[in-house]
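Residues per chain, in single letters:
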There are 2 protein chains.
Amino acid sequence: MGTVTETMVAADAREETRARIEQAALDLFTAQGFEAVTIDEVADAAGISRRTFFRHCGTKADAVWGQFDGHVVRLEGMLAAAAADQPVLASVSAAYVEVNDYAEADLPMLRQRMRLILTEPALLAHSQVRYADVDRVVAAHVARRTGVAPDALVPRLVATSTRAAATTAFELWLADGRITLGAALHQAFDELAAGFPSLR
Amino acid sequence: MGTVTETMVAADAREETRARIEQAALDLFTAQGFEAVTIDEVADAAGISRRTFFRHCGTKADAVWGQFDGHVVRLEGMLAAAAADQPVLASVSAAYVEVNDYAEADLPMLRQRMRLILTEPALLAHSQVRYADVDRVVAAHVARRTGVAPDALVPRLVATSTRAAATTAFELWLADGRITLGAALHQAFDELAAGFPSLR
DNA sequence: CTTGCTCGTGGCACTGGGTGTCACCTACGG
DNA sequence: CCGTAGGTGACACCCAGTGCCACGAGCAAG
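Residues numbered from 1 in each chain as written. Chains lettered and ligands numbered in written order. Predicted model: local features only at pLDDT ≥ 70, side-chain atom pairs only at ≥ 80, totals over all residues. Heavy atoms only, no water.

Student: Hey, could you run me through the overall build of chain A in this one?
Tutor: Along chain A, the regular secondary structure elements total 10 helices and 0 strands. The order of α-helices and β-strands along chain A, N terminus first, is α-α-α-α-α-α-α-α-α-α. Projected onto its principal axes, the C-alpha positions of chain A cover 55 × 45 × 30 Å. For chain A, with 200 residues in total, the buried portion stands at 49%. For chain A, restricting intrachain contacts to residue pairs at least 6 apart in sequence, the fraction spanning at least 24 positions comes to 67%. Total accessible area computed for chain A in this model is approximately 9,700 Å², and 56% of it derives from carbon and sulfur atoms. Both charge centroids of chain A, one from 19 positive and one from 26 negative side chains, sit 4 Å from each other. (Helix = DSSP H or I, 4+ residues; strand = E, 2+ residues; numbered from the N terminus. Buried < 20%, exposed > 50% of the residue type's maximum accessible area, 1.4 Å probe, protein only. Contact = heavy atoms within 4.5 Å. Areas by Shrake-Rupley, 256 points an atom, 1.4 Å probe, with all protein chains shown as cover. Lys, Arg positive; Asp, Glu negative; His and termini not counted. Charge placed at Lys NZ, Arg CZ, Asp CG, Glu CD.)

Student: Could you clarify how one ought to interpret the domain arrangement of chain A in this entry?
Tutor: By a widely used convention, the size of an interface equals the accessible area lost when the partners come together. Residue and element names in this part refer to chain A. According to the domain assignment, chain A consists of domain 1 (4–63) and domain 2 (67–199). The C-alpha-based centres of domain 1 and domain 2 are spaced at 27 Å. Facing 14 residues of domain 1, the contacting portion of domain 2 comprises 10 residues. The largest contributions to the domain 1 side of the interface with domain 2 come from Leu26, Phe34 and Ala61, which together make up 41% of the buried area. Linking domain 1 with domain 2 are 2 salt bridges. One can count 6 residue pairs in polar contact (both at pLDDT 80 or more) joining domain 1 with domain 2. Sorting the residues of the side of domain 1 that touches domain 2 by element identifies α1 (4–32) and α4 (62–65) as the ones contributing at least two each. Examining the composition of the side of domain 1 that touches domain 2, we find that 7 residues originate from one element, α1, more than from any other. (Domains from an automatic or database assignment. Buried area = accessible area lost by both parts, 1.4 Å probe. Salt bridge = Lys/Arg side-chain N within 4 Å of Asp/Glu carboxyl O. Polar contact = N/O pair within 3.5 Å; in protein donor to acceptor, adjacent residues only side chain to side chain.)

Student: Help me understand the packing of aromatic side chains in this model?
Tutor: The relation between two aromatic rings is expressed through the spacing of the ring centres and the mutual angle of the planes. All names here are of chain B. Counted under the stated rule, the structure contains 12 aromatic pairs over all chains. Geometrically, the ring pair formed by Phe53 and Phe54 is edge-to-face, given 5.4 Å between the ring centres and 85° between the ring planes. Each ring, one from Trp65 and one from Tyr131, has its centre 5.9 Å from the other, and the planes form 80°; the classification is edge-to-face. Residue Trp65 is located in helix α4 (residues 60–65), and its partner Tyr131 is located in helix α8 (residues 121–146); the two are separated by 66 residues in the primary sequence. (Phe/Tyr/Trp six-rings, centres within 6.5 Å; stacked < 30°, edge-to-face > 60°.)

Student: Explain the protein's contact with DNA strand D here, please?
Tutor: Around DNA strand D, the surrounding shell holds 16 residues, and the nearest of these are Arg50, Arg51 and Lys60 of chain A together with Thr52 and Arg55 of chain B. One of the backbone nitrogen or oxygen atoms of Val37 of chain A is found 3.5 Å away from a phosphate oxygen of DNA strand D. A distance of 2.7 Å is found between a phosphate oxygen of DNA strand D and a backbone nitrogen or oxygen belonging to Lys60 of chain A. Counting residues per element, the ones that place at least two in the surface near DNA strand D are α3 (50–57) of chain A together with α3 (50–57) of chain B. By residue number, the principal contributor to the surface near DNA strand D is α3 of chain B, which donates 4 residues. Looking at side-chain class alone, the surface near DNA strand D contains 4 nonpolar, 6 polar and 6 charged residues. (Near = heavy atom within 4 Å. Nonpolar A, V, L, I, M, F, W, Y, C, P; charged D, E, K, R; others polar.)

Student: Sorry, what's going on with the interface of chain A and chain B here?
Tutor: Facing the 34 residues of chain A at the interface are 35 residues of chain B. The contact between chain A and chain B buries some 2,900 Å² in all, and 77% of this surface belongs to carbon and sulfur atoms. Scanning the region where chain A abuts chain B turns up 2 salt bridges. Here Glu171 of chain A and Arg156 of chain B are joined by a salt bridge, their closest N and O atoms 2.8 Å apart. Taken together, the elements giving at least two residues each to the side of chain A that touches chain B come down to α6 (88–99), α8 (121–146), α9 (153–175) and α10 (181–193) of chain A. Take the side of chain A that touches chain B: its biggest share by element is 12 residues, from α9 of chain A. Looking at side-chain class alone, the side of chain A that touches chain B contains 19 nonpolar, 10 polar and 5 charged residues.

Student: Could you clarify how one ought to interpret the confidence of the model for chain A in this entry?
Tutor: As a note on interpretation, predicted positions should not be read in detail where pLDDT is low. Averaged over all residues, the pLDDT of chain A equals 93, while 94% of them reach at least 70. Contacts of residues 1–8 of chain A to residues separated by more than four positions or lying in other chains number 2 contacts, the stretch itself having pLDDT below 50. (pLDDT = per-residue confidence, 0-100.)

Student: Just checking my understanding: could you explain the packing of helix α5 (residues 68–80) of chain B against helix α6 (residues 88–99) of chain B for this structure?
Tutor: Packed helices, taken two at a time, are described by their axes: the angle between them and the distance between them. All names here are of chain B. In contact at an axis separation of 9 Å, α5 and α6 are set at 140° when each is read in the N-to-C sense. What the angle tells us is that α5 and α6 run oblique. Considering how the two elements wind past one another, α5 and α6 form a crossing that is right-handed. Together, His71, Arg74, Leu75, Met78 and Leu79 of α5 and Ser91, Val92, Ala95, Tyr96, Glu98 and Val99 of α6 make up the contact between the two elements. Counted by class, the contact of α5 with α6 contains 7 nonpolar, 2 polar and 2 charged residues. (Axes fitted to C-alpha atoms, helices over the stretch in contact; angles between N-to-C directions. Parallel < 35°, antiparallel > 145°, perpendicular 65-115°, else oblique. Left-handed = near helix turned anticlockwise from the far one by under 90°.)

Student: Would you explain the relation of the copies chain A and chain B in this entry?
Tutor: Comparison of the two chain copies shows a relationship of rotation about an axis with a shift along it. Note on the identical chains: chain A maps onto chain B by a rotation of 180° and an axial translation of 0.0 Å, with an RMSD of 0.1 Å. Within this description, the copies of the chain are treated as partners about a two-fold rotation axis. Both copies share a contact surface, since 100% of the interface residues of chain A are interface residues in chain B too. (Least-squares fit on C-alpha atoms with pLDDT ≥ 70 in both.)

Student: Got a minute to help me understand the nonpolar core in this structure?
Tutor: Proteins that are soluble and globular tend to have nonpolar side chains buried together. With 128 residues, the main nonpolar core has Val138 of chain A together with Val138 of chain B as its most contacted residues. Once residues lying within four places of it in the same chain are set aside, the contact partners of Val138 of chain A are Leu75, Leu79, Val92, Tyr96, Ala159 and Thr162 of chain A. (Core = buried A, V, L, I, M, F, W, Y, C linked by side-chain atoms within 4.5 Å.)

Student: Would you explain α10 of chain A in this entry?
Tutor: Every α-helix carries 3.6 residues per turn, so stepping three or four residues along brings you back to the same face. Taking 1.5 Å of rise per residue, the 13 residues of α10 of chain A would be expected to cover 18 Å, and the 18 Å separating its terminal C-alpha atoms lies within 8% of that figure. Packing partners of the buried residues in α10 of chain A comprise α6, α7 (107–119) and α9 of chain A together with α9 (153–175) and α10 (181–193) of chain B. Looking one or two residues beyond α10 of chain A, the residue adopting positive phi is Gly195 of chain A, at roughly 75°. (Expected span 1.5 Å × (residues − 1).)

Student: So what exactly am I meant to see when it comes to the protein's contact with DNA strand C here?
Tutor: In the vicinity of DNA strand C lie 16 residues, with Thr52 and Arg55 of chain A together with Arg50, Arg51 and Lys60 of chain B positioned nearest. For DNA strand C, a phosphate oxygen lies 2.9 Å from a polar atom in the side chain of Ser49 of chain A. Contact between DNA strand C and Arg51 of chain B: a base oxygen at 2.6 Å from a side-chain N or O atom of the residue. The dominant element in the surface near DNA strand C, judged by the number of residues it contributes, is α3 of chain A, at 4 residues. When its residues are assigned to classes, the surface near DNA strand C shows 4 nonpolar, 6 polar and 6 charged.

See the structure below:
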């Protein structure tokens, strides 16, 4: 099995390889479009074989999505740690804001990622599968806080509509270079939680 | 070109062939799962060639989705015809309810379709692409009514969250055999429009 | 130093979705 | 009777994704 140190090193090396693949993929996809680039081209650019690409990334879309699972886990942790006296919607909103609080240095790559995801149909489609995990986590939190089943209307509705708000905030942030991602998220969640006061 | 009558006949024949393909596909997918069935098997069951399948349906997912474009067009028409003094959210809600007002005889096939779409990951993914069209239509309506740009926050947010509500209503309707689709839609839209009163 | 094990890697073959192309056949109009 | 247009099937591709095997590097035990 190896010691803890060795395991860490191996995991780091694996992570580094994956990061190299993702960077190559992101650059190629951005330059030529997601569908126009083949896996062989990405693998060549990353200096690996086609077979190794799939071992690290699973699918073509995963090269863009990266380690999204980590986000879901962090979101789940934040929701579990939310204060019990905080309104449910506020806890969901705060968790979304916090999980999307990126360091300044990470923003360019995030922009590149999100632009691809929201622009390329194949990636947009794949997003639904990823979001399903997020929805399950949020719905479970709402269900726990309200004492109803996770597959009841309100938990599911809160999960899907808050995710819709988050996605919309991302779109706004991408399109409008001035607004902060956090500000966009706050704006969307406030509008949603208040029942769309702008429409009255 | 041919006369109007001839064109109609040709279109009808084409529509009938497509319906046969869709029915064969739906039955096979329901019985064995979406991924487990190949296009060749669907084509064989429909009595056509693999190539003809793609000419009629475009992609494997389209065989399940059917002529969804028609729904989007109808939704657009309803929104355009909505009374000007009706609140925006109410007009969107009413349009969703009306476009999903199926005849009793169509409900079994609708159940079959929606169960597949909401269950099979590949179809769920494809749904995002279809929903993007719906969102554009709704956002355009909200933008027209509120006098802001269609890609501003509120129109987009209304579009994505109302669609989230509709999807949630569909899930509820599928899971709970007793509730009407219309009732589920109303319940979801009411909850959304009021800012989730159940959570207070 | 050698043996044996593990693991990452590359190569290969195969399945399956989707597309372009061509040939055929049928139905219709002149 | 001929010409054409459109639906169809057959074939050859491309590409994503998977299973399998063989090779080589690194490490552990002898």
